[in-house]
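Understanding the architecture of this molecule
Given next are the chains, with one letter for each unit.
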Amino acid sequence: MAIIKDILQTMEYGPSPESNEHVIAWLGQHERGFGHFIDGKFTDPAANDSFEVSSPANGNVLAHVARGTTEDVDRAVAAATRAFKSWSKLAGHERARHLYALARHIQKRERFLAVLESMDNGKPIRESRDIDIPLVARHFYHHAGWAELIESELPGYQPVGVCGQVIPWNFPLLMLAWKIAPALAAGNTVVLKPAEQTPLTALAFAEICREAGLPDGVVNIVTGEGETGAALVGHPGVAKVAFTGSTEVGRIIRRATAGTGKKLSLELGGKSPFIVFEDADLDSAVEGLVDAIWFNQGEVCCAGSRLLVQEGIAEKFYAKLRARMATLRVGDPLDKSTDIGAVVSTEQLERIGALVAKGKQEGAEVFQPSIPMPAKGCFFPPTLMTGVEPASTVAMVEIFGPVLVAMTFRTPDEAVALANNTRYGLAASIWSENINRSLDLAARVKAGVVWINATNLFDAAAGFGGYHESGFGREGGLEGLYEYLVPSHGKPTKGTKAGKPQLNAAPSTTAIAASAEPIDRTAKLYIGGKQARPDSGYSYAVVNPAGKTVGLAGLGNRKDIRNAVEAAAKAGSWGAATGHNRAQILYYIAENLSARAAEFEARLRSLTSASAKDAAVEVATSIRRAFFYAGFADKYDGAVHATKSRHVTLAMNEPFGIMGIVCPDEAPLLGFVSLLMPALAVGNRAVVVPSARYPLAATDFYQLLDTSDVPAGVVSIVTGETASLAKTLAEHDEVAALWDFGSTTDAATIEAASAGNLKPVWTGGSRDWSSSDGQGREFLRRATQVKNIWVPYGE
Ligand code: NDP
């Protein structure tokens with residue numbers, strides 16, 4: 001028998017397995033077979049087809065689950081559609097009680113759910129027990145609160161409808177909670193497809209819904225593979241799609257939903273930096289790394305998988321890290337002393353192995369500690385790769401396993417450059433005892449979540465989600481709730497009287513050689529603070545509703561858009577300017593517009609044949625709108641979220657950077673002002689495509705920009721064929737967000753074209769620009785992305 005003194009010396013642990021009898025019994029009750037959960041009941045699959053679900057730790061088959069077909073998805077969506085009628089009408093308070101009931105039932109079954117999750121996914125029981133499942137309950141509690149408060153806190157919003165939700169295998173029940181809790185709180189109903197590898201906790205949750213008395217059809221679970229997910233995403237009865245998974249499938253879903261009008265949120269991959277400065281508490285940073293990359297076997301979208309360490313301490317830090325790695329225990333997920341459990345599947349194990357081999361081939365030095373490894377099952381040792389080139393495959397690609405790649409940097413600027421040298425932008429972890437520097441870096445790193453001297457912190461009250469190819473939309477917090485709501489605008493109309501397009505007058509963008517017309521009648525493009533001839537050398541005639549040519553506008557093309565984006569890229573200081581500074585410039589624009597109101601009125605009258613009164617109203621409303629957003633420039637601030645841990649969690653509204661804005665034909669001046677001003681107010685630079693039919697109200701704006709001290713490149717205006725210019729903006733990798741209000745653009749083309757860098761596209765549709773629908777926080781929210789920065793406090 002071991003003596004305690006010896007145990008303390010060797011730190012040898014005996015096995016400490018968690019019992020799984022209750023899970024085995026539960027699987028037995030279900031005869032180890034599950035149908036879909038539709039309309040409150042487990043139902044047989046239409047095609048009577050099923051597949052095996054096994055434990056990655058030992059290969060044991062746990063159950064058979066139904067393979068969902070289009071017919072199953074149809075049935076589930078039909079059930080959710082029926083349930084939506086009453087669920088969406090239920091008072092928030094009633095929905096809140098249902099969500100509280102779910103939270104309490106989950107808490108009662110925490111141990112059962114944790115064991116089931118570890119058996120199905122392979123994650124250590126310590127993590128499923130202490131992190132995953134408590135967070136699941138927390139999400140339902142938190143959102144029960146939102147259900148209660150929505151009516152008073154978010155007036156003017158309504159639920160979207162039936163939500164189709166597709167989740168991955170790395171946090172099966174937690175991802176379900178992140179999706180279902182806000183959806184239900186907001187009054188939506190759902191059809192959720194869990195990952196084929198890990199459907200069991202979702203099915204256990206289905207049972208909890210029944211036990212807790214949730215009305216039938218509010219939650220439906222359809223199991224299956226990628227095809228089932230595709231059928232759900234493509235179902236015409238689904239109004240909102242929420243997806244978490246790989247960037248590749250995220251792109252497929254972006255294209256599949258293009259032009260359907262479905263609301264979409266994507267939470268995709270990452271390659272998040274873990275930045276260690278020489279003044280960091282190195283021992284804490286090592287422990288942080290254990291959580292960053294060996295938590296959940298590194299199968300974490302926001303894993304700190306790229307270690308960036310300041311050069312002077314790199315070797316010392318690697319030595320500490322290697323020593324710590326040698327103490328990690330890999331093994332049985334149900335053993336309470338296991339640090340690293342099983343990888344989810346043999347395919348994933350092979351993928352990780354192949355990427356590590358690739359890293360070695362590319363010259364990285366690979367370290368794996370000599371620690372006992374289980375003889376069978378999907379296990380991979382903790383791995384550190386040093387000497388990694390920033391452009392190598394392992395530094396760029398999401399490995400999604402317990403593999404850390406390390407690089408060094410010298411200065412904070414170099415750290416930021418390396419951190420942002422990725423197509424992703426999900427999270428970042430910054431380690432330094434210098435709070436000034438940490439916060440400076442937090443603001444400069446392009447990531448949706450930043451942890452200072454911490455890592456992998458999650459809470460229902462804080463938003464989570466990425467920039468760039470890590471997707472768009474947030475989960476958690478107020479920012480996440482908006483994903484499940486739509487503004488209940490009045491019926492959209494076709495614009496103000498002044499701007500109402502005369503549909504008998506076809507927009508004429510027939511090219512005219514510029515030299516053929518007197519030059520003073522041609523409105524040029526406006527790029528980089530200067531008027532610019534279109535690259536094509538052509539203009540087109542702008543014809544008013546009476547058929548009279550009232551001027552010529554430049555016929556912009558791809559090259560002009562590229563030039564405008566290039567000019568915008570050089571004007572980055574606009575985003576860094578204070579709101580106060582931006583406000584002054586916006587006020588200046590408003591004042592200058594006011595001073596030249598008569599000219600703009602005359603322009604609108606000649607352009608659209610509007611009456612004098614209607615033209616005056618449109619100009620006056622535009623002036624008010626410009627003042628409105630000038631007023632907001634230093635007021636659209638963020639929040640400090642009340643997260644569970646001892647952190648000040650700052651939710652900062654950040655500009656996207658470069659935005660594309662495509663303006664409507666209706667209200668040619670007011671539409672332009674209503675879209676440009678909010679984008680500028682929060683610090684974006686804008687490449688604007690004005691109405692092709694009535695571009696001259698926008699081109700007159702050049703002079704205002706020139707005389708209002710707007711820095712060069714902050715606003716560019718490219719006139720021409722709206723549809724093709726909008727597509728170019730959608731395809732451009734440096735355009736970070738796109739608002740498409742074009743009257744002749746095709747949402748399907750634009751949204752599909754945006755799948756390249758996965759920029760959020762707001763296809764606004766027509767609205768009454770003169771009313772409150774044309775102005776407000778909705779525009780500011782759409783012009784920003786929320787970055788959550790977790791700052792610790794206390795010793
Ligand atoms: P996927 O993105 O393929 O899977 C995520 C979910 O999407 C699963 O439920 C999957 O179903 C479903 N799905 C697959 N294809 C479609 C489709 N065309 N339409 C709708 N739904 C679909 O991830 P994988 O499981 O294949 O993992 C591959 C890699 O993705 C990993 O190695 C990792 O790098 C990354 N990944 C990233 C995650 C993240 O959170 N960032 C999470 C998971 C994976 P099914 O399970 O049946 O295939």
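Our subject in this report is the structure included herewith. (Residues numbered from 1 in each chain as written. Predicted model: local features only at pLDDT ≥ 70, side-chain atom pairs only at ≥ 80, totals over all residues. Heavy atoms only, no water.)

What follows concerns the environment of Ser-118. The topology assignment puts Ser-118 in helix H5 (residues 110-121). Between the C-alpha atoms of Ser-118 and Thr-81, which are 37 residues apart in sequence, the distance is 34 Å. Setting aside anything within four residues of it in sequence, one finds Ser-118 in contact with Lys-123, Pro-124, Ile-125, Ser-128, Pro-333 and Leu-334. Within the local environment of Ser-118, its side chain forms a polar contact with the backbone oxygen of Lys-123, the two atoms lying 2.7 Å apart. (Helix = DSSP H or I, 4+ residues; strand = E, 2+ residues; numbered from the N terminus. Contact = heavy atoms within 4.5 Å. Polar contact = N/O pair within 3.5 Å; in protein donor to acceptor, adjacent residues only side chain to side chain.)

In total, this model carries 32 salt bridges according to the counting rule given. In this structure, Glu-207 and Arg-109 form a salt bridge, with 3.7 Å as the shortest nitrogen-oxygen distance. Remark: Arg-109 occurs in the loop between helix H4 (92-108) and H5 and Glu-207 occurs in helix H8 (residues 200-211); sequence separation between them is 98 residues. Per residue, the accessibility class of Glu-207 equals that of Arg-109, and both read buried. (Salt bridge = Lys/Arg side-chain N within 4 Å of Asp/Glu carboxyl O. Buried < 20%, exposed > 50% of the residue type's maximum accessible area, 1.4 Å probe, protein only.)

Strand pairing in a sheet relies on backbone hydrogen bonds. The paired strands run either parallel or antiparallel. Within the open sheet, the 10 strands sit side by side as S14-S15-S16-S13-S12-S17-S18-S34-S28-S27. Their pairing is mixed. In this open sheet, the two strands that pair with only one neighbour each are strand S14 (365-367) and strand S27 (639-641). Averaged over all neighbouring strand pairs, the angle between strand axes comes to 20 degrees, with direction disregarded. Across the face of the sheet, helix H12 (residues 314-325) comes into contact with strand S12 (273-276), strand S13 (306-310), S14, strand S15 (383-386) and strand S16 (403-409) while running at roughly 135 degrees to S13. Along the sheet, helix H16 (residues 435-444) contacts S12, strand S17 (427-431), strand S18 (449-452), strand S28 (647-655) and strand S34 (784-792); its crossing angle with S34, the most-contacted strand, is approximately 155 degrees. (Pairing = 2+ DSSP bridges. Axes fitted to C-alpha atoms, helices over the stretch in contact; angles between N-to-C directions.)

Our focus in this paragraph is the environment of His-105. Tracing the backbone shows His-105 in helix H4. Residue classification places His-105 among the buried positions, given a relative accessible area of 17%. Placed 106 residues apart in sequence, His-105 and Glu-211 show a C-alpha to C-alpha distance of 8.2 Å. Discounting residues that sit within four places of it in the chain, His-105 has contacts with Ile-208, Glu-211 and Ala-212.

Regarding helix H15 (residues 412-419), the residues found buried are Ala-415, Val-416, Leu-418 and Ala-419. In an axial view of H15, the angular spread of the buried residues amounts to 165 degrees, which keeps them on one side of the axis. (Arc of directions from axis to C-beta.)

Quick look at the site of the ligand now. Taken together, 29 residues surround the ligand, and among them Ile-167, Trp-169, Glu-225, Ser-246 and Arg-351 come closest. A distance of 3.0 Å is found between an oxygen atom of the ligand and a side-chain nitrogen or oxygen belonging to Lys-193. One of the side-chain nitrogen or oxygen atoms of Glu-398 is found 3.3 Å away from an oxygen atom of the ligand. Starting from 850 Å² of accessible surface for the ligand in isolation, the protein chains cover 87%. Sorting the residues of the shell around the ligand by element identifies helix H9 (226-234), strand S10 (240-244), helix H10 (247-257) and helix H13 (346-361) as the ones contributing at least two each. (Near = heavy atom within 4 Å. Areas by Shrake-Rupley, 256 points an atom, 1.4 Å probe, with all protein chains shown as cover.)

Now for the packing of aromatic side chains. According to the stated counting rule, one finds 28 aromatic pairs in the structure shown. Both rings, one in Phe-628 and one in Tyr-629, keep their centres 4.9 Å apart while their planes meet at 90 degrees; by these two values the pair is edge-to-face. You can call Tyr-629 buried: its relative accessible area is 0%. Judged by centre distance (5.2 Å) and plane angle (85 degrees), the rings of Trp-739 and Trp-762 are edge-to-face. Separated by 23 residues along the polypeptide, Trp-739 in strand S32 (residues 737-740) and Trp-762 in strand S33 (residues 761-763) bring together distant segments of the chain. In this structure, Trp-739 and Trp-762 share a single accessibility class: buried. (Phe/Tyr/Trp six-rings, centres within 6.5 Å; stacked < 30°, edge-to-face > 60°.)

Within the secondary structure layout, Ser-438 lies in helix H16. Looking at Ser-438, the relative accessible area reads 1%, which means it is buried. Among residues more than four places away in sequence, those in contact with Ser-438 are Ile-430, Ser-432 and Ile-452.

Here we come to the nonpolar core. Within the largest apolar cluster, 119 residues are counted, with the highest numbers of intra-cluster contacts made by Phe-140, Val-276 and Leu-307. Top element by residues in this core is helix H7 (residues 172-185). It accounts for 11 residues. When near neighbours in sequence (up to four residues on either side) are disregarded, Phe-140 contacts Leu-99, Leu-102, Ala-103, Ile-106, Ala-177, Ile-180, Ala-181 and Phe-205. In terms of nonpolar packing, the next biggest core, distinct from the first, is built from 68 residues, Leu-604, Leu-669, Leu-675 and Leu-705 among them. (Core = buried A, V, L, I, M, F, W, Y, C linked by side-chain atoms within 4.5 Å.)

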